[in-house]
Amino acid sequence: MRIARFTARRLLQAVPVLLGVVVVTFVLVRVLPGDPIRTILGPNATEADAAAARARYGLDQPMWQQFVDYLGGLFTGDLGVSIQSGQSVMGEMAVRLGPTLELVVIAVTIATVLATVLGIWSARRAGRAGDHTLRVLALVGNSLPEFWLGLVLILVVYSGLGWVPAPSGRVDPDTNLSLITGADLLDAVLTGNGPAFASAAGHLVLPVATMVVVIVAPLMRSVRASALEVLGSEAYRAAAAHGLPERTLLRGYLARAALVRLPALAALVFGFAIGSTVLVEYVFSWQGFGQWALRGLLFRDYPVVQASVVVIALCYTLIFLIADVVHAVLDPRVRI
Amino acid sequence: MTLLDIRDLKVAIGSVQALAGVDLTVARGEVVGLVGESGGGKSMIARSVVGLLPDGARATGQVLFEDRDVLTMDAATLAAHRGAGAAICFQNPRGALSPTRVIGRQLTDRLVTHQGMDASQARSAAVGLFESVGIRSAARRFGSYPHELSGGQAQRVMISLATGCAPGLLIADEPTTGLDVTLTREILLRFREAADEEGRGVLLISHDLASIARICDRLVVLNAGAIVEHGPTTAILTTPAAPYTRTLLAAVPTLPSPHPAESGESAGSADPARPAGAGVSAESGDPAQPAGSAVSGDEVVRVEDAHVVYGSRFGAGGHHALRGVSLTVRAGETVGVVGESGSGKSTLARLMLGMITPSRGAVTLAGREPSRLRGRALRALRRRAQLVFQDPIGSLSPRRTVADAVAEPLRAAGVKAPERARRVAAVLERMGLDGTYAERRPHELSGGQAQRVGIARALAGEPDLIVFDEPTSALDVTVQAQILKVIGEVTAERGRGSVFISHDLATVRGFCDRVVVLYLGRIVEEGPVEEVFARPRHPYTMALLAAVPSLDGEEETGRVRLTKDPEEAAAGGGCALAPRCPFAEDACRTEEQELRTLGRARVACRRAGALPDLEGPER
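Computed from a predicted structure; not experimentally measured.

### Some words on unusual backbone geometry
Residues and elements named next belong to chain B. One non-glycine residue with positive phi stands out, namely Asp67, at about 70°. Position of Asp67 among the secondary structure elements: in the loop between strand S4 (57-65) and strand S5 (68-69). In this model, Asp305 sits at a positive phi of 45°, which is unusual for a non-glycine residue. Mapped onto the secondary structure, Asp305 falls in strand S11 (residues 299-310).

### Notes on the UniProt feature "domain: ABC transmembrane type-1" (unreviewed entry) in chain A
Per the UniProt record, the feature "domain: ABC transmembrane type-1" (unreviewed entry) sits at residues 97-323 of chain A. Counted over residues 97-323 of chain A, helix gives 78% and strand 0%. Its end C-alpha atoms are 21 Å apart.

### Looking at the pattern of salt bridges
In a structure, side chains of opposite charge can pair up when their charged atoms sit close to one another. All names here are of chain B. A full pass over the atoms with the stated rule returns 36 salt bridges over all chains. For Glu333, the salt bridge identified is with Arg514, shortest N-O distance 2.8 Å. Remark: Arg514 occurs in strand S18 (residues 514-519) and Glu333 occurs in the loop between strand S12 (319-330) and strand S13 (334-338); sequence separation between them is 181 residues. For Glu333, a relative accessible area of 2% puts it in the buried group. Judged by its relative accessible area of 8%, Arg514 is buried. Here Arg535 makes a salt bridge to Glu531, at a shortest N to O gap of 3.0 Å. Each member of the pair, Arg535 as well as Glu531, is classed as buried. Ionic contacts of the salt-bridge type, sharing partners, join the residues Glu333, Arg514, Glu526 and Arg602 into one network.

### Comments concerning the interface of chain B and chain A
Across the boundary between the two partners, chain B contributes 33 residues, which contact 25 residues of chain A. Between chain B and chain A lies a buried interface of about 2,300 Å² when both sides are counted; carbon and sulfur atoms form 57% of it. For the interface between chain B and chain A, the tally reads 0 salt bridges. In this structure, the connection of chain B to chain A is made through 10 residue pairs in polar contact (both at pLDDT 80 or more). Mapped onto the side of chain B that touches chain A, the elements with two or more residues apiece are helix H2 (75-84), strand S6 (86-89), helix H3 (93-96), helix H4 (103-115) and helix H7 (151-164) of chain B. Ranked by the residues each element gives to the side of chain B that touches chain A, the list is headed by H4 of chain B, at 6 residues.

### Comments concerning the pairing of strand S17 (residues 497-502) of chain B
Residue and element names in this part refer to chain B. Among the 6 residues that make up S17, 6 are buried, leaving the element largely enclosed by the rest of the structure. Residue alternation in S17 divides its side chains into two sets, Gly497, Val499 and Ile501 and Ser498, Phe500 and Ser502, and both sets are buried. Inspection of the sheet shows S13 paired to S17 by 5 bridges, in the parallel sense. Bridge pairing in S17 links Val338 to Ser502. The pairing of strand S16 (residues 465-469) with S17 spans 5 bridges and is parallel. Bridge assignment links Ile466 to a residue of S17, and that residue is Ser498.

### Points about the domain arrangement of chain B
Often, the extent of an interface is quoted as the loss of accessible area upon association of its parts. Residues and elements named next belong to chain B. Considered domain by domain, chain B is made up of domain 1 (4-251), domain 2 (282-363 + 464-619) and domain 3 (385-462). If you look at the interface, domain 2 gives 20 residues, while domain 3 gives 17 residues. For the pair domain 2 and domain 3, the two sides together bury roughly 1,600 Å², of which 65% comes from carbon and sulfur. When the buried surface of domain 2 facing domain 3 is broken down by residue, Leu353, Ile483 and Val486 rank first, second and third, together holding 24% of it. Across the contact surface, domain 2 and domain 3 share 1 salt bridge. Residue Arg430 pairs with Glu493 through a salt bridge whose shortest N-O separation is 2.4 Å. The tally of links from domain 2 across to domain 3 stands at 7 residue pairs in polar contact (both at pLDDT 80 or more). Every element with two or more residues in the side of domain 2 that touches domain 3 is listed here: S16 and helix H19 (477-491). For the side of domain 2 that touches domain 3, the residue count by class is 13 nonpolar, 2 polar and 5 charged.

Calculation criteria
- Residues numbered from 1 in each chain as written.
- Chains lettered and ligands numbered in written order.
- Predicted model: local features only at pLDDT ≥ 70, side-chain atom pairs only at ≥ 80, totals over all residues.
- Heavy atoms only, no water.
- Helix = DSSP H or I, 4+ residues; strand = E, 2+ residues; numbered from the N terminus.
- UniProt positions renumbered as here; feature names shortened; annotations may be inferred.
- Salt bridge = Lys/Arg side-chain N within 4 Å of Asp/Glu carboxyl O.
- Buried < 20%, exposed > 50% of the residue type's maximum accessible area, 1.4 Å probe, protein only.
- Contact = heavy atoms within 4.5 Å.
- Buried area = accessible area lost by both parts, 1.4 Å probe.
- Polar contact = N/O pair within 3.5 Å; in protein donor to acceptor, adjacent residues only side chain to side chain.
- Pairing = 2+ DSSP bridges.
- Domains from an automatic or database assignment.
- Nonpolar A, V, L, I, M, F, W, Y, C, P; charged D, E, K, R; others polar.

See the structure below:
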């Protein structure tokens, strides 16, 4: 009940935040040098052609009028038309967002679980060889550029070992997967398409692995630091002094207390990953949200840039809401 | 066979000899008190018994537990010994309870591990155990987290955790530090029960000889890692052999110790703990003096009918911390505020400092109302009042030097650097801290030194009002005496008003002019300190006085004892104390009690002055 009320309040608070984001992006993208109309016209286009194109996309109107139109569209779910492709932004984004979200959600989930297990393992062996090895490995993984790591993985796991399908696309077209959400794995489950599921999962292995290696280090460090703090705390030592067995200590007195700080950091990592999957998408020909947003920005495709920024902001808002609720569930002292 | 037999235990950490040859025995059914100042090695003994010495500690000698040496046990034997053999009841129960696990589960973990119960057995046993240590509505409390408990309840839970291990030996490390007098007595009785009824050996560790003496069979006095004296409790209390023991005994603040300035006056009322003789006749003999007019300096702070409600974050409910308190402090006056935990003492302090706004009523500090001021003016006003905190080390920033900390109020007041340095040096000097302390950081200070720094910081800005919030309850008894002396000097100055908050009545008596007794956010009695202590008229004051530990070691009959916990006494109509009061009548439960003048004091009890003879039966 309390959580429902908290969620409702936070969602209401998100409305002005998103509105602010819309205003700022709307203005910024128009202030930036560059003209979207010039990019779609040929080199021989006349000034009259440009004016006609401008009128077609409503760019000849005064800025406030454009904004009011855009805002009106936003409330009816119309995000405008891409200047580059002439397609509906909503339709393009629906195809693009699913695959990227799937990639990021799976990668962050695996990284969080891995960070929890390894972080606690590492903290319990603090100062020993295993702890040092793990921390160095995590740091190395964190320091590798995604695109390079992705290429190396393709070279070794696909070309060398042949364990995974080729890094071209997200699912084998022969499996006839029908598109529902855009997230292929989810669509395969929803349609009960076994072969498509296997194919999509196979294609996910390398990009997910790349992202996990890159983002697991900060999460693990956080868990390890919290776990060390708990291990040194009076409360934990008191439980140990009362002779409780290792398993009880680990499950009841260490794990939950050590995870208290993880949700906030995981949310940050998640939000960061949404906007920065573009390199991984390029390497694995993922055709995802990151690539689409980047291309929109490069060609000053106003509706695309606006839509992608709003979606990223929305993702941040939602994921931090989830993180706060999880934090409150983990730590009974937090009141939401 | 003795349960615990420590022979010539020496512990060294690096080059520091923490324990230098300690011999100690505890038998089943026996309560042994281990007394000494902090840093004396008491906790080191406790930790060696469960094999949890700090890293880098080297121990020699023997710690025989049922004839097996703990120091040489292998990991598996040691794991079995911890909890089932010896279980520690930790100091600071709030810190020692795991914050992310409900207390019921923490107890069932122990029951399952050491008593081999299954989950459902353990659950019902846990509820029973909670009840036996005095936790009300134990079944509901089962699902509580430690931060939802009061200090007294947390200590009870800690005891239940230790006894839930079914240990042969129960070690209690400072089990009553920071608890108020009524709770201290209650908690200590639990340990006596553990020895008498469950046949456990109990090792009770404390710096406070007075509070534990009456339940111990034997006492062991430890100083600087060595035992200076041991023997039966009465022998040590009556004929202490070692000079150190005599120092400890002398440091105990006891109620009959007279007010330094008024020794002649209070000598007449020989024993304030037994107020039976002081009836109406003695009152009328007093020079008729209106309450609280001993000092006639300027008014420093005035609290008028203040109510404070701490709302819960989601509207409904809330905690009514103060319910209509009026209090005036004048320059040159020291007012003592006493009451159990949860009576609203700290709220009153925060109110006077302008840190919270009353939900009803008004506060005037140095002639202005903090609730009407904003920004710069409010900050300037707040500088007129300073606070001395309960936790001396915790209230100093670990990263700043002593000089920095003391200069803080001056910096806030915009005093220039050279002037600041001069005043800091002067105020530190006054606190008996020489120049070498100025560059130290809090971890290099002892508790007593840190509290001197805290007082210096409060004094530096030359405020009109200093509030001492239990300044000595975290300190050793011997240090307490020194700090109280310093505070006595500070409060004796004419130009300033002081408020001294304490649950320890003996300390208040030392130097306060007036005393205010708070109970559940209401003033139940106020008046000149010698009057209230010599002739307490409210049953609550009587009970507080009766609960003060004394060294005679005997349970006196005829003392007033409150029957239940404050949290249990749900506020219905009428007098808030009625559910706990041994004198309550039906009328008490329906009539609101107002403060009325009785002699030189004011009391909120309709039966005050006409209470039955205290030699009568309790309860």
